[in-house]
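# Summary of structural features
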Amino acid sequence: MRKKLWIAAAVFLADRVFKLLWERIPPGGVVLIPGVLALRRAMNTGMAFSLFRGHPWLLGVLSVLIIGGAILYFRGKQVPARSAAGLMMMLGGAVGNMADRLLNRFVPDMFELLFVRFAIFNVADIFLVLGCGLTAIGFLHEEQKNPGEP
């Protein structure tokens, strides 16, 4: 999995770039694709869907523990290539949001879907979701190839 560590670094860097641009978004936001996507500044002091709002230090410490636990769990294990790429996407996103929680006490969110009432999110969130899906697909595909193997 170390060979894929560059994926986590790329996700983290992309997240940082967009979060640096976050402050330049005008207060009223900017529509990028009418009826589809806008940029709007939001300060999330919680986690997904603003759960546990107002406890950024607790969520930051929890993130450290989860990231550390995942690294220890997967270290030395054979992980399918797709799943390893997905895990690295999740690692980059988790570290990006964790850094914001610990340094800023909030996570900057900026992408707003206009065609559905949904949470405002950031690049780290996008890769957390994509990485989760890719990880699941990788493990499910591997299970289909080798049913019953531990």
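You'll find the structure just up there.
This text gives an overview of the structure that appears in the document. (Residues numbered from 1 in each chain as written. Predicted model: local features only at pLDDT ≥ 70, side-chain atom pairs only at ≥ 80, totals over all residues. Heavy atoms only, no water.)

## Observations regarding the pattern of salt bridges
Taken as a whole and assessed by the stated rule, the structure comprises 5 salt bridges. For aspartate 100, the salt bridge identified is with lysine 19, shortest N-O distance 2.4 Å. Highlighted residues: aspartate 100 in helix 3 (residues 81–104) and lysine 19 in helix 1 (residues 5–21), separated in sequence by 81 residues. Just as aspartate 100 is buried, lysine 19 falls in that class too. Put simply, glutamate 112 and arginine 40 hold a salt bridge, and the shortest N to O gap is 3.1 Å. Of this pair, glutamate 112 sits in strand 3 (residues 107–113) while arginine 40 sits in strand 2 (residues 37–44); the two residues are 72 residues apart in sequence, bridging distant segments of the chain. Connected through shared salt-bridge partners, Asp15, Arg16, Lys19 and Asp100 make up one network. (Salt bridge = Lys/Arg side-chain N within 4 Å of Asp/Glu carboxyl O. Helix = DSSP H or I, 4+ residues; strand = E, 2+ residues; numbered from the N terminus. Buried < 20%, exposed > 50% of the residue type's maximum accessible area, 1.4 Å probe, protein only.)

## Observations regarding the packing of helix 1 against helix 3
In contact at an axis separation of 7 Å, helix 1 and helix 3 are set at 35° when each is read in the N-to-C sense. The way helix 1 lies across helix 3 gives a crossing that is right-handed. Counting all contacts with helix 1, which are made through Leu5, Ile7, Ala8, Val11, Phe12, Asp15, Arg16 and Lys19, the residues of helix 3 involved are Ala85, Met88, Met89, Leu91, Gly92, Gly93, Val95, Gly96, Asn97, Ala99 and Asp100. For the contact of helix 1 with helix 3, the class distribution of residues is 11 nonpolar, 4 polar and 4 charged. (Axes fitted to C-alpha atoms, helices over the stretch in contact; angles between N-to-C directions. Left-handed = near helix turned anticlockwise from the far one by under 90°. Contact = heavy atoms within 4.5 Å. Nonpolar A, V, L, I, M, F, W, Y, C, P; charged D, E, K, R; others polar.)

## A word on the side chain of serine 63
Within the fold, serine 63 resides in helix 2 (residues 56–74). Judged by its relative accessible area of 14%, serine 63 falls in the buried class. In contact with serine 63, other than residues within four places in its own chain, are Met98 and Arg101.

## A few points about the packing of aromatic side chains
Taken as a whole, this structure holds 6 aromatic pairs when the rule is applied. A centroid spacing of 5.6 Å and a plane angle of 40° characterise the contact between tryptophan 22 and phenylalanine 106, whose relative ring orientation is tilted. Highlighted residues: tryptophan 22 in the loop between helix 1 and strand 1 (30–33) and phenylalanine 106 in the loop between helix 3 and strand 3, separated in sequence by 84 residues. Seen in terms of ring centroids, phenylalanine 118 and phenylalanine 121 are 6.2 Å apart; in terms of plane orientation they differ by 70°. Their pairing is edge-to-face. Through pairs of rings, three or more aromatic residues link up here, namely Phe18, Phe111, Phe118 and Phe121. The lysine or arginine in question, arginine 41, covers the ring of tryptophan 22, its NZ or CZ lying 5.5 Å from the ring centre. One Lys or Arg, lysine 77, reaches over the ring of tyrosine 73 and ends 4.6 Å from the middle of that ring. (Phe/Tyr/Trp six-rings, centres within 6.5 Å; stacked < 30°, edge-to-face > 60°. Lys NZ or Arg CZ within 6 Å of the ring centre and 35° of its normal.)

Read these as spatial facts, not as claims about activity.
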